[in-house]
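For reference, the chains in residue letters:
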Amino acid sequence: MPPLSRRLFIGKMGLGACGSLFTGINIVDANVSKKSPQLIPTKKLNIALCGLGNYAGMLAEGLASSQYCRLAGIVTGHPEKARQWQKDYSIETNSIYNYENFDSIQHNPSIDLVYVVLPNGMHKEFVIRAAKAGKHVITEKPMATSVKDCLEMIEACNKYNVQLAVGYRLHFEPYHLEIKRLGQEKVFGQVRFIEGSLGYKTYDTNLPPDSKFNRFAPSEWRLCKSKSGGGPLMDLGIYCIQSSRYVLGEEPISVTAQFGTINNSVRFAEVEESISWQLRFPSGAIANGTTSYGFNIDRFFASADDGFFELSPGLSYGPFQGKTSKGDLVFPTINQQATQLDEIGKLILQNKPLPKHITGEEGIKDIRIIEAIYKSASTGKAIQIFQ
Ligand code: NDP
């Protein structure tokens, strides 16, 4: 085949990814649904957000523009927040819960699914309580703070016959669907090396405490190990691990890792400030990852036998920019939260199983790798996994 012109190449790539956005998980798109009207969900999936912090706010915005889901309930520890959210989103009074009376949600037929957006250390408890109440669950990433907890969550959801998803927003994002295709279909040949890094600066000791650069208060749960399970690796590094796995379509067989420098020992007394790791895959590919709460970085790069592809910015909320050795990648910027919710919502409304790559079975793999990374960084030894 003659080499593609840059323009043609981009056009072809755009079509490929737009197609895979809707065909990859076997759901009904607008054209198909005209032919098969019985498959169009006739109601919206009623979602309760559990924990009304920053990310719940973004999910609420996504829900506002969602085609298949609606914000129907809230779970919060703060009555004043409950009042404000009720007003802003027209929530029924009997669909407002706190953490103590949450279990009574089982008697509420107006809620189909609970979306857990709590600190990581609380995911397990609320996923299991939601499952016991007979509600489907999405839990935010990381799925939990240990493999043991993930197993209990999966077991509970199986036992109570509800679906469990992990809030992996990038699994529905066009640039990421495309890098997954480029890697797995070996469009540039076998990928040999990946670099994925995501970090942001959370403090600046030279600035006053209320500076916009001091993102975290000293009391921030992300800095407290029992609430977070770890530092930026749990929070941000998970995206680097995820992308290297889905671009290669393989699971790592060994891990080495190193903690980075601690420049702020007051804030980082319990969790790492930065950490780097190397994953070795069965094909021989290596994925280097770095994450930090001490500096800004946001990119993905893959070097393959016949070229490269990269996203920079690449792992955050975007807007992403993509480049390959044959030209730029150009895709629409989407609302990541609305798209994720719609894709999950449509499947649940049709009573179809969620694809494995967004369920607890996927979530637990990342936690297994994260545990191996921490173990390697602590012991200085290579850790074998998935063999
Ligand atoms: P926030 O600190 O902004 O919000 C957490 C909320 O949890 C609080 O507002 C509070 O809600 C509730 N909460 C209950 N108990 C506690 C407690 N002991 N300490 C602190 N909060 C408590 O966190 P985020 O919204 O940023 O993160 C929540 C989850 O979402 C995390 O698991 C995180 O990893 C994930 N996340 C995912 C993102 C993504 O892109 N997919 C992006 C950002 C976060 P209330 O006052 O209503 O009780």
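Residues numbered from 1 in each chain as written. Predicted model: local features only at pLDDT ≥ 70, side-chain atom pairs only at ≥ 80, totals over all residues. Heavy atoms only, no water.

1. Brief notes about the pairing of strand β4 (residues 113-116)
Filter applied, for reference: Each residue gets one of three labels from its accessible area relative to the maximum for its type: buried under 20%, exposed over 50%, partly exposed in between, using a 1.4 Å probe on protein chains only. The secondary structure listing takes helices from DSSP runs of H or I that are at least 4 residues long and strands from runs of E that are at least 2 residues long, numbered from the N terminus. DSSP bridges decide pairing: two strands pair if at least two such bridges lie between them.
Of the two faces of β4, the one lined by Leu-113 and Tyr-115 and the one lined by Val-114 and Val-116 are each fully buried. Where strand β1 (residues 45-50) and β4 come together, four bridges link them in parallel fashion. Paired with Leu-49 across the bridge in β4 is Tyr-115. As paired strands, β4 and strand β5 (residues 136-139) are joined by four bridges and run parallel to one another. Paired with Val-116 across the two strands is Thr-139, which belongs to β5.

2. As for the environment of Asp-306
Filter applied, for reference: Any two residues whose heavy atoms approach within 4.5 Å are treated as being in contact.
With respect to the helices, strands and loops of the structure, Asp-306 is situated in the loop between β11 (297-304) and β12 (307-311). Taking C-alpha positions, Asp-306 is 4.8 Å from Phe-188, a pair spaced 118 residues apart along the chain. For Asp-306, the residues in contact, after removing those within four places along its chain, are Phe-188, Gly-189 and Ser-325.

3. Description of the nonpolar core
A general tendency of soluble globular proteins is for nonpolar side chains to be buried together. Heads up, the rule is: Residue types Ala, Val, Leu, Ile, Met, Phe, Trp, Tyr and Cys, when buried and joined through side-chain atoms within 4.5 Å, form a set referred to as a nonpolar core. Domain start and stop points were drawn from an automatic or database domain assignment.
Ranked by internal contacts, the top residues of the largest apolar core, which has 82 residues, are Trp-277, Phe-309 and Ile-373. Ranked by residue count, the leading element in this core is helix α9 (residues 232-248), at 10 residues. In terms of domain composition, this core takes at least three residues from each of domain 1 (41-169) and domain 2 (190-304 + 358-384). Of all hydrophobic cores here, the second largest spans 27 residues; its members include Leu-52, Tyr-55, Ile-138 and Leu-354.

Shape descriptors only; they carry no functional weight alone.
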